[in-house]
Amino acid sequence: MIQVFNTLTRRKEPFTPLVPGEVGLYVCGVTPYDDCHIGHLMGPVLFDAVARWLRARGNRVRFVNNITDIDDKIINRANATGESWQDISRRYTDQYFTFLKRLRIATVTDHPRCTEFIPQMIAYISDLIGRDRAYVAADGVYYDVQKQDGYGKLSGRRLDEMISGSRVERSSGLRHPADFALWKLAKAGEPSWESPWGAGRPGWHIECSVMSRETLGGSFDIHGGGDDLKFPHHENEIAQGEAHGDAYARCWMHNGLIQYEGVKVGKSDPRMKDPAFAGRFKAGFLVDTYGAATIRFLILQGHYRRPNEFAEKAIIAARTALGRLHRQLGASLDQAPTDSGGEAEALAAALAASVPPSIAAHREAFVAAMDDDFGTGSAIACLFGMVSDIQKLPAQEAAASLRLVRDLGRLIGIFQPGDAADTTSSAEVAPASLSDIMALVLHLRQHARAQRAFATSDRIRAALTEAGVAVKDAKDGATWEMTGPAETAMARVMELVIALRQQARADKDFAASDRIRDALAGAGIALTDGPAGTTWGAAAKG
RNA sequence: GGCGCCAUGGCGGAGUGGCUACGCAGCGGAUUGCAAAUCCGUGUACCCCAGUUCGAUUCUGGGUGGCGCCUCCA
């Protein structure tokens, strides 16, 4: 039985969907008016893990993640840049989707956009007015908070306490300072839709009440979002939903926010005035620099309800830790899921897998951690525990247990094919181009010729020819050009270099072999000497 | 001012009324020509003060400190 912490009751509660086996999950998405930042990705990553686990536990999950594609911030941006509001919102929505893809968010089923539901919002607002829960003021339609019993129950505040704390200058003519706009009448030049109250646009909050209703119904299982949305956004969603006569969300889940050195990184954080600081939290920077797999792992290593530290030290530690798991998994990491079935089948198979008792104990702990309010961090710790114990197993048992590690990991979104390459991104690896390597090879050949070791120099040239690289000796040094496919040349030339280094090692000329290794390292290539020979790969810095 | 959250070893970060979290870093060892990677071993941490208890880091009360929300924010 899954337990979920419900913000509304501030308790962990047994989770039972409204319709057995069917879960409706609504998670607030973004207002697309600026570059995607890491905070925007917290919800998707975390709730992707939640959705995967709900599926593993035998549920079908409809996961709705909305896009608020019309809003004051978009309009302001359009006014500032001269670009149309449509272009801005489309561009940043696309960017958001790109990052969801890079982070392998695979469970979202719906991305409704605000502008696609204007008629439904107008109908909804009309309904609220008809029920005397909203009223028309000079500049729009407002929700009447005083008509609501228990307004503030989600964020734990009372209306009378809020008046003194209210720092915003509200439009005059409101019945209560906390009343909020359902419909904003357009000023000249602003985008607008016709409505019974005049041309205008929806206020913030109404889109979620309407779109959740349109996609999941008036009562649904889980509503999620960032902690900062608790008030006023979610509070007002509840107000609207209940005023409309809906039971609205039964369980509210709020994810912790990004912080840097212990302090939340928010929109109006003074530190954000420094572009260099702000840049650190852009999704593009983080994913390019540390790899999407690292970012996702870092997020899942913590607990969804707690803030997440994004200081560089924390990110590097996460990457190192993940790298350890990746190395253990080896090639199996990149194997596509064998099943065509879903998470439920995968979990059943994982539970049925025959593994030694110590591994099975970790497996049990993993499942218990996920069942207990989606404890992805504890669950990942179980994976480390397994990997550690697997070292002590005979090879054959180890293979089955490693598969278990991988398959359990995949149930929370980690260990996707391609992830290994994703922890060390191209931005970090020095460009290991063929020309860097060729410079080294030609140097080695020149050295051999100087020693009058023509057998070696000829062997190098022959191997290069074989690899699709033609060498031309000239008075002022050798040049080279491609004669074959570039894709295979790199591998072939590396084979040659490794062979030359092996020769030096066999001759006990370690100075020479180390020179080769150092030169390659300088070009961003790391050599790994193993019992089966030497392999090469991109060298990670960090 | 109101509401709420959190205080764990060098760092990050779980968790529990008595028993190893885990990762990173560090240290010792194995392996290696030297490295890298890998493996083995290693650290008696739980803010302070009372109370409950046979026993509290874990429960209760108080204190101190940090953070969040009450405005835009994921």
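Residues numbered from 1 in each chain as written. Chains lettered and ligands numbered in written order. Predicted model: local features only at pLDDT ≥ 70, side-chain atom pairs only at ≥ 80, totals over all residues. Heavy atoms only, no water.

A.B. asks: Would you explain the overall build of chain A in this entry?
C.D. replies: Looking only at helices and strands, chain A features 20 helices and 17 strands. With respect to the three principal axes, the spread of C-alpha positions in chain A is 100 × 60 × 40 Å. Buried positions account for 50% of the 542 residues belonging to chain A. A fraction of 73% describes how many contacts in chain A between residues 6 or more apart in sequence connect residues 24 or more apart. Just so you have it, chain A exposes about 24500 Å², and 52% of that area is on carbon and sulfur atoms. One finds the centroid of the 63 positive side-chain charges in chain A at a distance of 4 Å from the centroid of its 66 negative side-chain charges. (Helix = DSSP H or I, 4+ residues; strand = E, 2+ residues; numbered from the N terminus. Buried < 20%, exposed > 50% of the residue type's maximum accessible area, 1.4 Å probe, protein only. Contact = heavy atoms within 4.5 Å. Areas by Shrake-Rupley, 256 points an atom, 1.4 Å probe, with all protein chains shown as cover. Lys, Arg positive; Asp, Glu negative; His and termini not counted. Charge placed at Lys NZ, Arg CZ, Asp CG, Glu CD.)

A.B. asks: What exactly am I supposed to notice about the pairing of strand β15 (residues 477-482) here?
C.D. replies: Consecutive side chains along a regular strand alternate between the two faces of the sheet. When strand β14 (residues 469-474) meets β15, the two strands line up antiparallel, connected through six bridges. When the bridges of β15 are listed, Ala470 appears paired with Glu481. Connecting the antiparallel pair β14 and β15 is a turn made up of two residues. (Pairing = 2+ DSSP bridges.)

A.B. asks: Can you walk me through the packing of aromatic side chains in this structure?
C.D. replies: Any pair of aromatic rings gets described here by the distance separating the centres and the angle formed by the planes. Counting across every chain of the model gives 14 aromatic pairs. An angle of 50 degrees between the planes, with centres 6.4 Å apart, marks the rings of Tyr26 and Phe220 as tilted. Taken together, the residues Tyr26 in strand β3 (residues 22-30) and Phe220 in strand β9 (residues 219-226) connect sequence positions 194 residues apart. Look at Tyr26 and you get buried, because its relative accessible area is 0%. Of the residues examined, Phe220 reaches a relative accessible area of 2% and is grouped as buried. (Phe/Tyr/Trp six-rings, centres within 6.5 Å; stacked < 30°, edge-to-face > 60°.)

A.B. asks: Where do I start with the domain arrangement of chain A in this structure?
C.D. replies: Domain boundaries assigned for chain A yield domain 1 (15-255), domain 2 (273-423) and domain 3 (434-538). Taking only C-alpha atoms, the centre of domain 1 and the centre of domain 3 are 60 Å apart. (Domains from an automatic or database assignment.)

A.B. asks: Would you explain the pattern of salt bridges in this entry?
C.D. replies: When the charged atoms of two side chains lie near each other, side chains of opposite charge can form a pair. Across all of its chains, the model carries 38 salt bridges by this definition. Of the charged contacts, one joins Arg271 and Asp269 as a salt bridge, the two residues approaching to 2.7 Å between their closest N and O atoms. When its relative accessible area of 25% is taken as the criterion, Arg271 is described as partly exposed. Look at the salt bridges and you will find they share partners, linking Arg445, Arg449, Asp458, Arg461 and Asp473 into a network. (Salt bridge = Lys/Arg side-chain N within 4 Å of Asp/Glu carboxyl O.)

A.B. asks: Looking at this structure, how should I read the protein's contact with RNA strand B?
C.D. replies: Taken together, 51 residues lie near RNA strand B, and His40, Trp204, Lys264, Arg327 and Ser378 sit nearest. Here RNA strand B approaches the protein such that, of its atoms within 4 Å, sugar and phosphate make up 59%. Contact distances for RNA strand B include 2.9 Å between a sugar or linking oxygen and a side-chain N or O atom of Arg157. Within the side chain of Ser513, a nitrogen or oxygen atom sits 3.4 Å from a base oxygen of RNA strand B. (Near = heavy atom within 4 Å. Polar contact = N/O pair within 3.5 Å; in protein donor to acceptor, adjacent residues only side chain to side chain.)

A.B. asks: Sorry, what's going on with helix α4 (residues 118-130) here?
C.D. replies: Side chains of residues three or four places apart in an α-helix project in the same direction, reflecting 3.6 residues per turn. Spanning 13 residues, α4 covers 18 Å between terminal C-alpha atoms, matching the ideal 18 Å at 1.5 Å per step. Of the positions making up α4, those classed as buried are Ile118, Met121, Ile122, Tyr124, Ile125 and Leu128. Seen end-on, α4 carries its buried residues on one side only, within an arc spanning 160 degrees. Away from its buried face by more than 90 degrees, α4 exposes Pro119 and Gly130. (Expected span 1.5 Å × (residues − 1). Arc of directions from axis to C-beta.)

A.B. asks: I tried to follow the sheet that holds strand β4 (residues 60-67) on my own but got confused; where do I start?
C.D. replies: In a beta sheet, neighbouring strands pair by backbone hydrogen bonds and run either parallel or antiparallel. Strands sit in the order β4-β3-β9-β10 across an open sheet of four strands; the sheet is parallel. In the strand order of this sheet, the two ends are held by β4 and β10 (248-255), each with one partner. With direction set aside, neighbouring strand axes in the sheet form an average angle of 25 degrees. The strands touched by helix α3 (residues 85-102) within the sheet are β3 and β4, with β4 carrying the most contacts at an inclination of about 145 degrees. (Axes fitted to C-alpha atoms, helices over the stretch in contact; angles between N-to-C directions.)

A.B. asks: Help me understand the state of the cysteines, please; the structure alone is not making it clear to me.
C.D. replies: Every disulfide links exactly two cysteines, by a covalent bond between their sulfur atoms. Counted under the stated rule, the structure contains zero disulfides. With no disulfide of its own, Cys28 lies 3.9 Å from the sulfur of Cys208, the closest cysteine sulfur. For Cys28, a relative accessible area of 11% corresponds to the buried category. (Disulfide = S-S within 2.5 Å.)

A.B. asks: Sorry if this is basic, but what is going on with the packing of helix α1 (residues 38-56) against helix α10 (residues 292-301) here?
C.D. replies: In a packed pair of helices, the relevant descriptors are the angle between the two axes and the axis-to-axis distance. Here α1 crosses α10 at 70 degrees, and the two axes come no closer than 10 Å. As summarised for this structure, α1 and α10 are arranged roughly perpendicular, according to the angle between their axes. Pair α1 / α10 crosses with right-handed handedness. Residues Ile38, Leu41, Met42, Val45, Leu46 and Ala49 of α1 form the contact with α10, whose participating residues are Ile295, Arg296, Ile299 and Leu300. By residue class, the composition of the contact of α1 with α10 is nine nonpolar, no polar and one charged. (Parallel < 35°, antiparallel > 145°, perpendicular 65-115°, else oblique. Left-handed = near helix turned anticlockwise from the far one by under 90°. Nonpolar A, V, L, I, M, F, W, Y, C, P; charged D, E, K, R; others polar.)

A.B. asks: Looking at this structure, I do not really get the environment of Met386. What am I missing?
C.D. replies: As for its placement among the helices and strands, Met386 is situated in helix α14 (residues 376-390). Put simply, Met386 and Arg363 are 23 residues apart on the chain and 8.0 Å apart in space, counted from C-alpha to C-alpha. The contacts of Met386, once residues within four sequence positions are left out, are Ile359, His362, Arg363, Leu404, Val405 and Leu408.

A.B. asks: Can you help me understand the environment of Gly385 in this one?
C.D. replies: Relative to the helices and strands, Gly385 is located in helix α14. The buried category is assigned to Gly385, whose relative accessible area is 15%. Separated by 80 residues in the primary sequence, Gly385 and Thr465 place their C-alpha atoms 50 Å from one another.

A.B. asks: Looking at this structure, I do not really get empty space enclosed by the protein. What am I missing?
C.D. replies: To find the voids left in a structure, one rolls a probe of water-molecule size over its atoms. Summed over all chains, the structure comprises one cavity of 30 Å³ or more. Split into classes, the residues belonging to the lining of the largest cavity amount to six nonpolar, one polar and no charged. Viewed by domain, the lining of the largest cavity spans two of them, domain 1 (15-255) and domain 2 (273-423), each represented by three or more residues. (1 Å grid on protein atoms, 1.4 Å probe; cavity = no way out; pocket = protein on both sides within 12 Å on 5 of 7 lines; lining within 4 Å. Points joined across faces, edges and corners; volume = space filled by probe spheres on them.)

A.B. asks: Looking at this model, I keep getting lost on the nonpolar core. Mind explaining?
C.D. replies: Soluble globular proteins: nonpolar side chains tend toward being buried together. Within the largest apolar cluster, 88 residues are counted, with the highest numbers of intra-cluster contacts made by Trp53, Phe310, Phe366 and Phe374. Ranked by residue count, the leading element in this core is α1, at twelve residues. Counting the residues that make up this core, at least three belong to each of domain 1 (15-255) and domain 2 (273-423). Those residues within four positions of Trp53 in sequence are excluded, and the remaining contacts are Ile2, Leu347, Phe366, Val367, Met370, Asp371, Phe374 and Leu411. Of all hydrophobic cores here, the second largest spans 45 residues; its members include Cys114, Val145, Val210 and Tyr248. (Core = buried A, V, L, I, M, F, W, Y, C linked by side-chain atoms within 4.5 Å.)

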